[in-house]
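# Understanding the architecture of this molecule
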Amino acid sequence: MSGGLAVLCLLLLQTGAFGFQIIFGGGSLKHQDITERAILNATVQACRALALAEGTDFTFPPLNVESVAVACEASKSFKSFQKAIKVIQKKNWRVDIRFLLSSRRHFDDEDFIEGRKIITEGLSAVKASNKRENFEAAREKLGEILHTLQDFYSHSNWVEMENIFPNSNLIRSDTSIGNIADESRATCRNCDGDNCTNNILEDIIEQKILTSGYFGVVPFFSTKPKGKCSHGGVFDQTSTIEPKGGINKDTFESSHGHLHVKAANLAIAATSELLEDIRGAAGDRPFLQMLGISKGSSKALCFVIDTTKSMSDDIEVVKTVTSSIINSEVGTEDEPSLYILVPFDDPNFGPLIRTTDPNVFKNAINALSPSGGGDDAELSLSGLQLALTSAPSNSEIFLFTDAPAKDKHLKSTVIALIERTQSVVNVMISGSTVENRRRRREVRITASDAQLYRDLAQASGGQAIEVTKNELPVAISIVTESSSSSLVTLLQAARSPGKADNFKFFVDQTVTNLRVYITGRSVSFTLISPTGESQQSTITSGSLITASQSVGNFITLQIKTQHGLWEMKMESTNPYTLKVIGQSPIDFLFDFVEVSQGLFNGFDALDSRPRAGVNGSLLVSLTGSDSATVTEVALVESSGSAEIKGVVEAQGSRNFLVHIDRIPSVEFVVRVKGQNGGVFFQRQSCTNFRSSNLTITADSNGILVPGTPFPVPFSVMTNGIGGNFTIRATNSQRFDSTSPTSLFLEAGNSTNGTVTLSAPLNTRSGTDVTLTIEAEAPGGKDTNYVVLRFSIVNTVTDFTNPACQLLSLQSNCSENCSLSTWELSALVTDGAEGTGVARVSLKQGNGTMNTSLVTGNENITLVSYSASCCSPDMELLVVDQVGNVGTCFYTIREPPPSALSVSTKATQSFFLCISIVMLGLHVLTKQ
């Protein structure tokens, strides 16, 4: 058994990784449970491999998000790690809700070939997206295919045939997944009353014939071929047709619920196997980035910069400040995991530069050269739209400009993307609206121009900072240096027009580095501490405010941390914003959801705005503490004090379903209150949300092939007035597209439309595209949107794993292994029809490896390796250009040296340990 697999086996045995709460709690295991446990296992293995490669110790952690992040030396990544898992889980359970009757997505109706096709095509998309570092697209597609993969073990008779290993051929396109029953072959008999334990025919089991249950929910129209098995359950109408009963193992209460534990265990093992394949193709660090794990901070540093001539001074400032920030953070826990740069002017914006290398980012910033800008306005919103569709969710984006936006028509699109990604946008407006001086050309940013930027910043919970060019360095330093992946928002409010108001915020014991941000002109305030002590804005230094800075319209206060209820009394007739932030591990994630009214309980996260004026639901997840719980969730008006509280229902695993009687018709934020170990805490969303009387739906379940038109059907319904509704469709890659520009809707009815995208033939595999479809009511007073992300994958024809050929292996090992060495040479190739070897790496072994291309044949790589005899094993990992993974294991132990494919010796060892764990669970369950 190879070292990595042996450790995984040990981990599974030590932690009971295939048991969960099934044995102890009696509850059925759900898709989200299966998915999370497999992800945690795979993450531990990747982190352990990196630690060993770096020569550092690794301690196996308890399998929860925070502990695994700490063990991976990525403690500040726990929130992004949990969010990544939530995205994968959300896309997983959505398959049940939106594609209930799709037999191929659930391996129902013996639809094995098409089911396997969903998995393999999706797996290719995941690998291609990871290769291009499009990790968000990879997560979404991964969730979709995991549902189908996991359903195989619950809906087919794989478990009944006493298989103790997963069906590895489900993730391979060039192999047989088994002997599938002919359509005319009977597979089941009637159940004996409620006892369905023996309803699959003996010859089907003995001959290893693969079958699955048929499923239908429409009375009198649901049917199945004669003699076939049914899925089973009260909603399956085919289960009343002979042979009656069912074979699914979804829960303990299912027809074959007595096999639920075995099916769930095999689903976890299969999920782990697929994740290991993805990990092998990507490499350990990119694999962990896909899962939201990165050393240092999980935050992205994203700049959107106006590069016209009048911005030359600003660009020099950005270069200096950026270099200082990066140099101070590289190698620390605050180092960003991703850097993004989007330049813009007129008539151009982009290209987008996205990198994990700080030096590449600095070089890109330093290469910016101001030019052009012959007219007043620039394509600032186009640049911001590109950044929002390319940066991870919850990013912080900085927009630098001294000009109005030429593309104001994109305002609603940008706000839609802000809401969907919950990213923060800070706008640095230089050459302020007060002075309006520009050295190289005269341009005036009017009040309405500046208000557009303020609206975007306020929608995201960011700052619109208006400064002179001389003040810009201070403003940039203040905002960028305070950004952190562990920032939480305690309070956020805006008043426009300005008025006197009192704001309260609670600081709990976990909060540090407390700061207050204020934007506005001629603003005065009084800060009151939990002990009743106060300090006014006219006092620049005092016992409560330890440091303060004022630049342009922006004030920042560093507050002495006191636990308890604070108060801020604001005085101004001018518009202002107030934001209170701190650092704390405790925070929350959430989605607006629709509670499923169908056959299965679940929640479908909305891709659009919730419906205004009616009831709605949120799914809230806490991060940072196992003991924390939610006690209250409220929707609070952004520009007022009115709030609507919800009813909170605990769902387990730190998830809480919140029912709201009425979604506000005005802009609002989400506020969460809770208890952590008996201590009160309060958090608030940065993003301001809107509701709508429009409903727009579409699905992103598909893969776009370059050169092939890709239709995206959508539906729009209005609960308000009818008429002609404006339709806008934009995509992040500027692909050619066709769509209706308007649709006529009657009140209470829906109308369908289609957007058709066409990616050029030369589009690289792994590119992703974000499509935003908007609907605007007559008069423009109501809008809604749906935001979809699609993976672009060229047709894959190479399904063969790379292979190794051993040329020589020599050893002169003695009893004192430290005084002797062994070495080998081998050829690695992807075959004559393959796409070529992309990467050769050392998966196991402490020796020295060198690689070189064979002269005259770039598809063959020569590998040489030497090591101490104290390290007798080595394993190569070989990946081709489309992500097929092969491993070759060599040893100087007895028996004689050999090279083994991962599909033989390594896989058997891997699943042997799983079968041992499963056998132990089976015994425990019977006891």
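The numbers attached to residues start from 1 for each chain and follow its sequence in the written order. Local features in this predicted model are restricted to residues of pLDDT 70 or higher, and side-chain atom pairs are both shown and tallied only at a pLDDT of 80 or more, whereas totals for entire chains, interfaces and linings draw on every residue. No hydrogens and no water enter the side-chain calculation; it runs on all heavy atoms of the structure.

To continue, consider the overall build of the chain. Along the backbone of the chain there are 18 helices and 43 strands. Over its C-alpha atoms the chain spans a radius of gyration of 29 Å, differing by no more than 12% from the 30 Å that the globule rule assigns to 927 residues. When its C-alpha atoms are laid out on the principal axes, the chain stretches across 85 × 75 × 60 Å. The Shrake-Rupley method, run with a 1.4 Å probe sphere, supplies the accessible areas, and residue values consider only the shown protein chains as cover. Approximately 36,500 Å² of the chain is accessible, and the part contributed by carbon and sulfur atoms is 50%. The centroid of the 77 positive side-chain charges in the chain is displaced by 4 Å from the centroid of its 95 negative side-chain charges. Secondary structure follows DSSP: runs of H or I at least 4 residues long count as helices, runs of E at least 2 residues long count as strands, and numbering of each begins at the N terminus. Note on method: radius of gyration uses C-alpha positions; expected globular size equals 2.2 Å times residues raised to 0.38. Positive residues here are Lys and Arg, negative ones are Asp and Glu, while His and the chain termini are left out of the count. To locate a charge, take atom NZ for lysine, CZ for arginine, CG for aspartate or CD for glutamate.

By nonpolar core is meant a set of buried Ala, Val, Leu, Ile, Met, Phe, Trp, Tyr and Cys residues that side-chain atoms within 4.5 Å join together. For each residue, the accessible area found with a 1.4 Å probe, counting protein chains only, is set against the maximum for its type, and the residue is called buried under 20%, exposed over 50%, and partly exposed in between. Residues F81, L142, L274, F287 and M290 are the most contacted members of the largest nonpolar core, which totals 60 residues. Of all the secondary-structure elements, those providing two or more residues to this core are α3 (31-53), α4 (65-71), α5 (78-98), α7 (112-131), α8 (135-155), α10 (260-282) and α11 (284-290). Only heavy atoms matter for contacts: two residues are in contact if any of them lie within 4.5 Å across the pair. Leaving out residues up to four positions away in the same chain, L142 has contacts with I88, V126, L274, L275, I278 and M290. Membership of the second largest hydrophobic core comes to 37 residues, among which are F344, I397, A416 and V427.

Let us look at the pairing of strand β15 (residues 554-559). Counted residue by residue, β15 has six buried out of six residues, so it is predominantly covered. Both faces of β15 are covered, namely the face carrying F554, T556 and Q558 and the face carrying I555, L557 and I559. Of the pairings in the sheet, the one linking strand β11 (residues 512-520) to β15 comprises five bridges and is antiparallel in character. Opposite I518, over in β15, you have I555 as the bridge partner. Strand pairing is assigned whenever DSSP identifies at least 2 bridges connecting the two strands. Sheet topology places strand β14 (residues 545-551) next to β15; six bridges connect them, and they run antiparallel. Among the inter-strand pairings, S548 is bridged to a residue of β15, identified as L557. The turn linking β14 back onto β15 is made up of two residues, and G552 within it adopts a positive phi angle of 60°.

It is worth spelling out the state of the cysteines at this point. Two cysteine sulfur atoms make up a disulfide if the distance between them is within 2.5 Å. In this structure the tally under the stated criterion is six disulfides. Residue C804 pairs covalently with C888 via a disulfide, S to S 1.9 Å. Handedness of the C804-C888 disulfide follows from its S-S torsion of about 85°: it is right-handed. One end of the pair, C804, is in strand β36 (residues 803-811); the other, C888, is in strand β42 (residues 885-891), and 84 residues separate them in sequence. Sulfur-sulfur distance for the disulfide between C817 and C870 comes to 2.0 Å. Taking the sign of the S-S torsion, about 90° here, the bridge from C817 to C870 comes out right-handed. You can see C817 sitting in the loop between β36 and β37 (821-829) and its partner C870 sitting in the loop between β40 (857-868) and β41 (873-880), a full 53 residues away along the chain. On the basis of relative accessibility, which here comes to 42%, the residue C870 falls in the partly exposed class.

Further remarks concern the packing of aromatic side chains. Each Phe, Tyr or Trp ring, with Trp reduced to its six-membered ring, pairs with another whose centre is within 6.5 Å; inter-plane angles below 30 degrees give stacked pairs, above 60 give edge-to-face pairs, and intermediate values give tilted ones. Scanning all chains against the criterion turns up 21 aromatic pairs. Ring centres 5.3 Å apart and planes at 55° place the aromatic pair Y517 and F554 in the tilted group. Of the two residues, Y517 is situated in strand β11 and F554 in strand β15; the sequence distance between them amounts to 37 residues. Neither residue differs from the other here; Y517 and F554 are each classed as buried. Of the aromatic side chains, those joined through ring pairs into one cluster are F107, F112, F152, Y153 and W158. Over the face of the ring belonging to F99 we find R105, whose NZ or CZ atom lies 4.0 Å from the ring centre. Each ring is checked for a lysine NZ or an arginine CZ that lies within 6 Å of its centre and within 35 degrees of its normal; such an atom marks a charge sitting over the ring. Its guanidinium or amino end placed over the ring of F349, R734 lies 3.9 Å from that ring's centre, counting from NZ or CZ.

On to the packing of helix α12 (residues 312-329) against helix α13 (residues 358-366). Fitting a line to C-alpha atoms yields each axis, with helices limited to the stretch in contact; the angle taken between N-to-C directions then spans 0 to 180 degrees. Remark: α12 packs on α13, axes separated minimally by 10 Å, with the N-to-C direction vectors making an angle of 170°. Looking at the two axes, α12 sits roughly antiparallel to α13. Every residue of α13 that contacts α12 at V318, K319, T322, S323, I326 and N327 is listed here: P358, F361, K362, I365 and N366. Angular relationships are summarised with four words: roughly parallel below 35 degrees, roughly antiparallel beyond 145, roughly perpendicular across 65 to 115, and oblique for the angles in between.

Let us now look at the sheet that holds strand β24 (residues 655-660). Strand order in the open sheet formed by five strands is β19-β18-β20-β24-β23, and the pairing between neighbours is antiparallel. The sheet is open, and its two borders are formed by β19 (603-605) and β23 (647-652), each paired with just one other strand. Neighbour to neighbour, the strand axes of the sheet diverge by 40° on average, direction disregarded. Here six bridges tie strand β20 (residues 616-623) to β24, and the two strands are oriented antiparallel to one another. Paired with L618 across the strands is V658, a residue of β24. Across the sheet, α5 lies against β18 (587-595), β19, β20 and β24, angled at about 115° from β19, the strand it touches most.

This part takes up the confidence of the model for the chain. Of the residues in the chain, 90% reach a pLDDT of 70 or more, and the chain-wide mean stands at 87. For every residue, the predictor assigns a confidence score, pLDDT, that lies between 0 and 100. The lowest-confidence element of the chain is helix α2 (residues 22-25), averaging 29 in pLDDT; the highest-confidence one is strand β2 (residues 209-210), averaging 98. pLDDT under 50 marks residues 1-26. Its contacts with residues more than four places away, or in other chains, come to 60 contacts. Confidence over residues 896-927 falls short of pLDDT 50; this stretch has 51 contacts with residues more than four positions distant or in other chains.

A word on α8. Counted at 1.5 Å a residue, the expected span for α8 with its 21 residues is 30 Å, and the 30 Å between its end C-alpha atoms agrees. In terms of burial, α8 is a largely internal element, 21 of the 21 residues being buried. Multiplying 1.5 Å by the helix residue count minus one yields the expected span of that helix.

The next subject is empty space enclosed by the protein. Computed over the protein atoms alone on a 1 Å grid, cavities are sets of points where a 1.4 Å probe fits but cannot get out and pockets are open sets with protein on both sides within 12 Å along at least five of seven lines; a residue lines them when it has an atom within 4 Å of a point. Grid points are joined across faces, edges and corners, and a volume is the space filled by probe spheres set on the points. Counted according to the given criterion, the structure contains six cavities of 30 Å³ or more. Empty space within the largest cavity amounts to approximately 100 Å³. Taken together, Q458, G461, G462, Q463, Q492, A493, A494, T577, L578, K579, S638 and N688 make up the full set of residues lining the largest cavity. Listed by contribution, the elements that provide at least two residues to the lining of the largest cavity are β9 (487-495) and β17 (576-583). Under this grouping Gly is polar, as are all residues other than the nonpolar Ala, Val, Leu, Ile, Met, Phe, Trp, Tyr, Cys and Pro and the charged Asp, Glu, Lys and Arg. In terms of residue class, the lining of the largest cavity is built from three nonpolar, eight polar and one charged.

Right, let's get into the side chain of D345. Within the fold, D345 resides in the loop between β4 (338-344) and β5 (353-355). The buried charged residue D345 lacks any salt bridge partner; its closest oppositely charged side chain belongs to R734, at an N-O distance of 9.3 Å. With sequence-adjacent residues up to four places away left out, D345 is seen in contact with T307, T308, E378 and L379. Note on definitions: salt bridges are taken to be side-chain nitrogens of Lys or Arg within 4 Å of carboxyl oxygens of Asp or Glu.

It is worth spelling out the packing of helix α14 (residues 380-390) against helix α15 (residues 411-421) at this point. At a minimum axis separation of 10 Å, α14 and α15 run at an interaxial angle of 25°. Taken together, α14 and α15 sit at an angle that is classed as roughly parallel. The two elements α14 and α15 meet at a crossing, and its hand is left-handed. Residues L381, L384, Q385, L388 and T389 of α14 form the contact with α15, whose participating residues are K411, T413, V414, L417, I418 and T421. Split into classes, the residues belonging to the contact of α14 with α15 amount to six nonpolar, four polar and one charged. Note: crossing handedness is left-handed where the near helix turns anticlockwise from the far helix by less than a right angle, and right-handed where it turns clockwise.

Pairing in this open sheet of four strands is antiparallel, and the strands run β22-β21-β25-β26 from one edge to the other. Among the strands making up the open sheet, the edge pair consists of β22 (643-645) and β26 (679-684). When strand polarity is set aside, the average angle formed by the axes of neighbouring strands in this sheet is 25°. Alignment of strand β21 (residues 628-637) against strand β25 (residues 668-676), held across nine bridges, turns out to be antiparallel. For E632, the partnering residue across the bridge sits in β25 and is K673.

Moving on, we come to the pairing of β26. Bridge count between β25 and β26: six bridges; the pairing is antiparallel. Residue pairing in the sheet places N676 in a bridge with V679 of β26. Between β25 and the antiparallel strand that follows it, β26, lie two residues; G677 among them carries a positive phi value of about 60°.

Taking 1.5 Å as the rise per residue, α10 with 23 residues should run 33 Å; its terminal C-alpha atoms sit 33 Å apart, in good agreement. Burial of α10 is extensive: 21 of the 23 residues sit out of reach of the surface. Looking one or two places after α10, you find G283, whose phi comes out positive at around 95°.

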